[in-house]
Amino acid sequence: MAADITATIMDASGKPIVDAVVAFYDGKTTALPAGAGARIVQKNKLFNPRITVVQTGSKINFPNEDTVRHHVYSFSPAKKFELKLYSGVPTDPLVFDQAGVVTLGCNIHDSMVGYIYIVDTPFFAKTDDKGKATLKLSNGQYSYQAWQPGQTKPGAEQKITIEGATEVKITL
Amino acid sequence: MIQFKHIRSRIAFTFLTVVVAIQLAGLIPLKYALDKHANQLAEEQINVGERVFVSLLQHNTQSLKQATQVLAADFAFREAVATNDAETIESALESYQGRIHAQVAYYISNRDDLVIGTADNQTALFGPNAKVDAMQAIVDNQSGMLKFDIVDGKPYQLITVPVKAPDVIGWIVMGFAVDGRLASQIKQLTHLDVAFVQKTPQHDWQLISGTADHALSNLLVKTVADVYRQKMSLHRVDFNDQSYHLKIRSLHQAGDEALLVVLQGSVEPFIQDLSLLFKSMILLTLVGVCILAALIWYVSRKTTEPIAALVKEADYIAMGDYDKEIQVNSIDEIGHLAKALNSMREAVLQRTLRIQRLAFNDELTGLSNRLAFIQGVHQALLTHAESKQKLSVIVINIHRFKPINQTLGRDFGDDLLRHVGQVLKQNVLGEHDMVARLDADEFAVMLQHTDQAQATRYADKLLHVFEQPVSVQGQAIDVRTGIGISLYPDHGMNEEALLNHAETALQESKAKKSPWIVYNTALEIDQSETLTLISDLKEAIQQDQLLLYIQPKIDVKTRRALGGEALIRWVHPEKGMIFPDQFIPFAEQTGIISDITNWMLLRACQVLAGFRKQGLDITLAVNLSTRDLNNMELPEQIAHLLSSHGLDAKALKLEITEGSLMQDPERAELVVKKLAAMGLHLAIDDFGTGYSSLAYLRQLPVQELKIDRSFVMFMDKNSGDASIVKSTIDLAHNLGLIVVAEGIENEFVLNQLARLGCNEGQGYFIGKPMPEKDFSVWLQRWEGQNEIDIDIGDDLSYAINPLDVEVQKDPFKLDYLN
């Protein structure tokens, strides 16, 4: 029995946060769905999407759609990598198999910042421009965490029991 | 008010005062303005300096920041930071710190309070407040402010830049020491001295570094403390006689800590520049004033020079120098003044010359006057005193000048005087000799370097000249002179004495009828002798030492004897015969004259009475003196005498001189009128020698006029004398007076007088004065043989004249000296 979950993420002053991420954990190990992956396109000297959420073990490709070359790097402990000056689509996508936050930067373009949030669950969602994220969960016991860019660690873990459609309010 | 000796000084002073005042009026505000300007410049300099300083710091900060940013952006460094490789981070910081000359460098991680710094600053950086300080620095820096801080007691400028990967993962902080290097750098750009002063909780205010000298910087520390307390930013401080403007700016302030930068601008350079300008101004002013002073002096001198010249000329005039004519060079007021001075000088000169002429010249003769003569002698005596030579003063008098003047006219008299003057002048001995007219008819001659022999030779020469009648206005007139001579040094040491003595000698010459007389002391009658004579005279009257002499008088026409003039003689028991002129003047003065007159009147009455007894009807004339004419009792006394001797008033004649009438005219007139009323016959004696006019005499009840002998004696040789006698006779007759001529010395004159209508006469030709008994004999003889010259023996043969001079004038005349 699936239930609709709506999570509203706000900052301390009650303002809704856009592109914040919420992830729910059911305590069971869920295998990565086959072919699960993502693309983070560099276009107009921006990472698009700026915030990418993936399940652990997902492959992400970094196609460069700009005419200039980029040097994408990450010093984050969750995944340290470096795609030295390239253009076009790199031959191999990168596998992100450790949960955590990876901050993406371009060594050429200091203004380019992107984030990859790697979670150990298939249940996650990003807030829209009203700070709302929606997902479908089966009824049961869950714990959840919220995160927003700039935060080096996810917010406090909360426990929740889902029984039908539920609305969750999270303050970061 | 200042008194000026010269107008030009006044002009110069006034103008210079004004000029100096104007200059001062300009200079004083200028000085004030320059001082103010210097301060303004100094202030401006310090303000500019401050801006430069701020901009320098900003620039420094910017470049340091950029340098630090280079490190922060370094991929390898970021990788080291991202991987928390502390050793690598530290060594990177160390090497970079050295490269950009920072003294402090450290990295602060924002994730896990990781702080990595260079070894030197470990203590400070890892102190309890390290985190807070660092965070604060970060915040401040992000707001774009300059960040200064005191780390471990030392001031630093802190530069903080973020390390991005690409999010900010930490901060690099670079610290640059605030030290002498920075101060020098600031000074180089601002030209201001710079000092950094700080205060920490551990230390009070202290100087970190400064470009100014140590003493000044130390002074600043104290000042700054005060200024900081009062929250002022601008201040002025005086040090070593120099003014400094201070600009204080706080670089860091936190709690008890403070770091200040003090910019010091000295006013001195500006003051020096401006005071140089001011000095130049003063110099220019001085030069200007000097030039102006010279100009004013020159102009005022040019203006007043002619005045000064005129003053000088006026001084010359004042000193009596009139000869120099004042040059008139201009047509302005000065020229007018010069002209006026010239006219004045001319007028004064003329007046002075005239006064001199009047003062020293005799206008009539052109000769010197008495004053000039006395001065001339005085001058001459000075040279003679040196040379010890003799000098003669000769006084010459013209006999009978008054009647000549009166009868022949003043013009005639004037011409005569001029003539005599010329004669005297022509005969002087040397060119320095001097001829002067002393009085109406009295001349004086000074002969220099002459002894007595030369002086008398001159006198003789004059006499020789005057032996010939003088021709004046076509008329010959006989000039008779009296001459008195005195000699320097024999008769006097000064001009007064010489002139007085010469005049005494002249009197003697006149009296003695001597052509000339040289003064000798015997001419002065000794005062003591005079006193003796006076007392003797009293005795003489009582002891009958006086004698009555009679000089006969005849009718000129019929030659009949009429009587005589009673004269007095004193036979002194010791001195022998004494002439009236030696005792009558003193008798007059002492009043004894009254006794003498009484004696004379008595004796005359006795003699007349005696003749009456013999049947001789003759008259006797007695002389009355001045004192007698003032004796109101005289008429009564005479009346008594006459009646006691049985005589009528006609027998006695009374002779009075003009002079005796003049003493007290009113009283004399009373007495005379009384006597006339008694029927007494009154005669004016010596007419022609006095000053009275016939008009005056007419008022008096006189019947007779006696012409002075000096006119009669030479009338046979001298036409002038004859004219005088003739006109006197005519005038007297017109007034109804009988005329008696004295001094008939020859028959020719007697006949001449008869022709002129003269009534009576007396003189040596008729008879000399003789004693009473001889007169009887003379009468008999004269009546018997008219033509025979009667020699009755001159009484002078036994006269003992103290002067031993032959008496030519009738010595018996009582009033001769009146």
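Here is what the cut-offs are and how they apply
Residues numbered from 1 in each chain as written. Chains lettered and ligands numbered in written order. Predicted model: local features only at pLDDT ≥ 70, side-chain atom pairs only at ≥ 80, totals over all residues. Heavy atoms only, no water. pLDDT = per-residue confidence, 0-100. Helix = DSSP H or I, 4+ residues; strand = E, 2+ residues; numbered from the N terminus. Contact = heavy atoms within 4.5 Å. Patch = residues over 30% accessible without salt bridge, like charges linked within 9 Å, V, L, I, M, F, W, Y side chains within 5 Å. Areas by Shrake-Rupley, 256 points an atom, 1.4 Å probe, with all protein chains shown as cover. Salt bridge = Lys/Arg side-chain N within 4 Å of Asp/Glu carboxyl O. Buried < 20%, exposed > 50% of the residue type's maximum accessible area, 1.4 Å probe, protein only. Pairing = 2+ DSSP bridges. Axes fitted to C-alpha atoms, helices over the stretch in contact; angles between N-to-C directions. Polar contact = N/O pair within 3.5 Å; in protein donor to acceptor, adjacent residues only side chain to side chain. UniProt positions renumbered as here; feature names shortened; annotations may be inferred. Core = buried A, V, L, I, M, F, W, Y, C linked by side-chain atoms within 4.5 Å. Domains from an automatic or database assignment. Parallel < 35°, antiparallel > 145°, perpendicular 65-115°, else oblique. Left-handed = near helix turned anticlockwise from the far one by under 90°. Nonpolar A, V, L, I, M, F, W, Y, C, P; charged D, E, K, R; others polar.

Per an unreviewed UniProt entry, chain B carries the name EAL domain-containing protein and comes from Methylophilus medardicus.

*Asks:* Can you walk me through the confidence of the model for chain B in this structure?
*Replies:* All names here are of chain B. On average, chain B scores 81 in pLDDT, and the residues at 70 or more come to 90%. Within chain B, strand β26 (residues 760-761) carries the highest mean pLDDT (94), whereas helix α4 (residues 122-125) carries the lowest (50). Low pLDDT, under 50, characterises residues 787-818; the predicted model gives this stretch 85 contacts beyond four residues in sequence or across chains. In the predicted complex, the global pTM is 0.45; the interface-specific ipTM is 0.78.

*Asks:* So what exactly am I meant to see when it comes to a nonpolar patch on the surface here?
*Replies:* Side chains of Leu295, Trp297, Tyr298 and Val299 of chain B sit close together on the surface and give an oily, nonpolar patch of about 430 Å² of accessible area. A residue is classified by how much of its surface remains accessible, and tyrosine 298 of chain B, at 49% relative accessible area, is partly exposed.

*Asks:* What am I meant to see in the pairing of strand β10 (residues 257-266) of chain B here?
*Replies:* A regular strand places its side chains so that they alternate between the two faces of the sheet. Residue and element names in this part refer to chain B. Most of β10 is tucked away, with 10 of its 10 residues classed as buried. Note: strand β9 (residues 242-254) against β10, 10 bridges, orientation antiparallel. Its bridge partner being in β10, histidine 252 is matched across the sheet by leucine 259. A loop of 2 residues connects β9 with β10, the two strands running antiparallel in sequence, and glycine 255 in this loop sits at a positive phi of about 60°.

*Asks:* How should I be thinking about the sheet that holds strand β17 (residues 166-171) of chain A in this particular structure?
*Replies:* Strands belonging to one sheet form pairs held by backbone hydrogen bonds; the direction of such a pair is parallel or antiparallel. All names here are of chain A. Taken in spatial order, the 3 strands line up as β14-β1-β17 in an open sheet, and their pairing is mixed. Where the open sheet ends on each side, the last strands, each with one partner, are β14 (132-138) and β17. The sheet shows a mean angle of 25° between the axes of neighbouring strands, direction not considered. Sheet analysis places strand β1 (residues 2-10) next to β14, joined by 7 bridges and oriented antiparallel. When the sheet's bridge partners are listed, threonine 8 is paired in β14 with lysine 132.

*Asks:* Quick question: what am I supposed to make of the side chain of serine 76 of chain A here?
*Replies:* All names here are of chain A. Inspection of the secondary structure assignment puts serine 76 in the loop between β8 (70-74) and β9 (81-86). Owing to a relative accessible area of 8%, serine 76 belongs among the buried residues under this scheme. Contacts of serine 76, omitting those with residues within four sequence positions, involve Val101, Val102 and Thr103.

*Asks:* Help me understand helix α2 (residues 75-82) of chain B in this model?
*Replies:* All names here are of chain B. Judged by how many residues are buried, α2 sits mostly within the fold: 6 of 8 residues are covered. What α2 keeps buried is the set Phe75, Phe77, Arg78, Ala80, Val81 and Ala82. Two or three places before alanine 76, at the start of α2, stands the capping residue aspartate 74, its side-chain oxygen 3.3 Å from that residue's backbone nitrogen. Two residues or fewer after α2 comes asparagine 84, characterised by a positive phi angle close to 55°.

*Asks:* Any chance you could explain the UniProt feature "transmembrane region" (unreviewed entry) in chain B here in plain terms?
*Replies:* According to UniProt, the positions carrying the feature "transmembrane region" (unreviewed entry) are residues 276-299 of chain B. Helix makes up 100% of residues 276-299 of chain B and strand makes up 0%, while its end C-alpha atoms are separated by 33 Å.

*Asks:* Any chance you could explain the nonpolar core here in plain terms?
*Replies:* Generally speaking, a soluble globular protein has its nonpolar side chains buried in company with each other. All names here are of chain B. Counting 114 residues, the largest nonpolar core has Ile596, Leu652, Leu654 and Leu753 as its most contacted members. If one sorts the elements of this core by residue count, helix α17 (residues 592-614) sits on top with 11 residues. Two domains each donate at least three residues to this core, and these are domain 3 (361-519) and domain 4 (547-779).

*Asks:* What is the right way to look at the packing of helix α19 (residues 634-644) of chain B against helix α21 (residues 665-677) of chain B in this model?
*Replies:* Any two packed helices are characterised by the angle at which their axes cross and by the distance between the axes. Residues and elements named next belong to chain B. Interaxial distance between α19 and α21 falls to 9 Å at its minimum, and their mutual angle equals 25°. One element, α19, and the other, α21, form an angle in the roughly parallel class. Between α19 and α21 the crossing geometry is right-handed. For the pair α19 and α21, contact is made by Leu634, Pro635 and Ile638 and by Val671, Lys674 and Leu675, respectively. When its residues are assigned to classes, the contact of α19 with α21 shows 5 nonpolar, no polar and 1 charged.

*Asks:* Please clarify how the pattern of salt bridges should be interpreted in this entry.
*Replies:* All names here are of chain B. According to the stated counting rule, one finds 29 salt bridges over all chains in the structure shown. A salt bridge links glutamate 50 to arginine 249, with the shortest nitrogen-to-oxygen separation between them at 3.0 Å. One end of the pair, glutamate 50, is in helix α1 (residues 7-73); the other, arginine 249, is in strand β9, and 199 residues separate them in sequence. Take glutamate 50: its relative accessible area is 14%, and that puts it in the buried class. A salt bridge links glutamate 305 to arginine 301; its shortest N-O distance comes to 3.3 Å. With glutamate 305 and arginine 301 both in helix α8 (residues 268-318), this residue pair falls 4 residues apart, about one helical turn. Given the relative accessible area of 28%, arginine 301 is considered partly exposed. Among the charged side chains, a salt-bridge network with shared partners connects Lys553, Lys653, Glu704 and Glu760.

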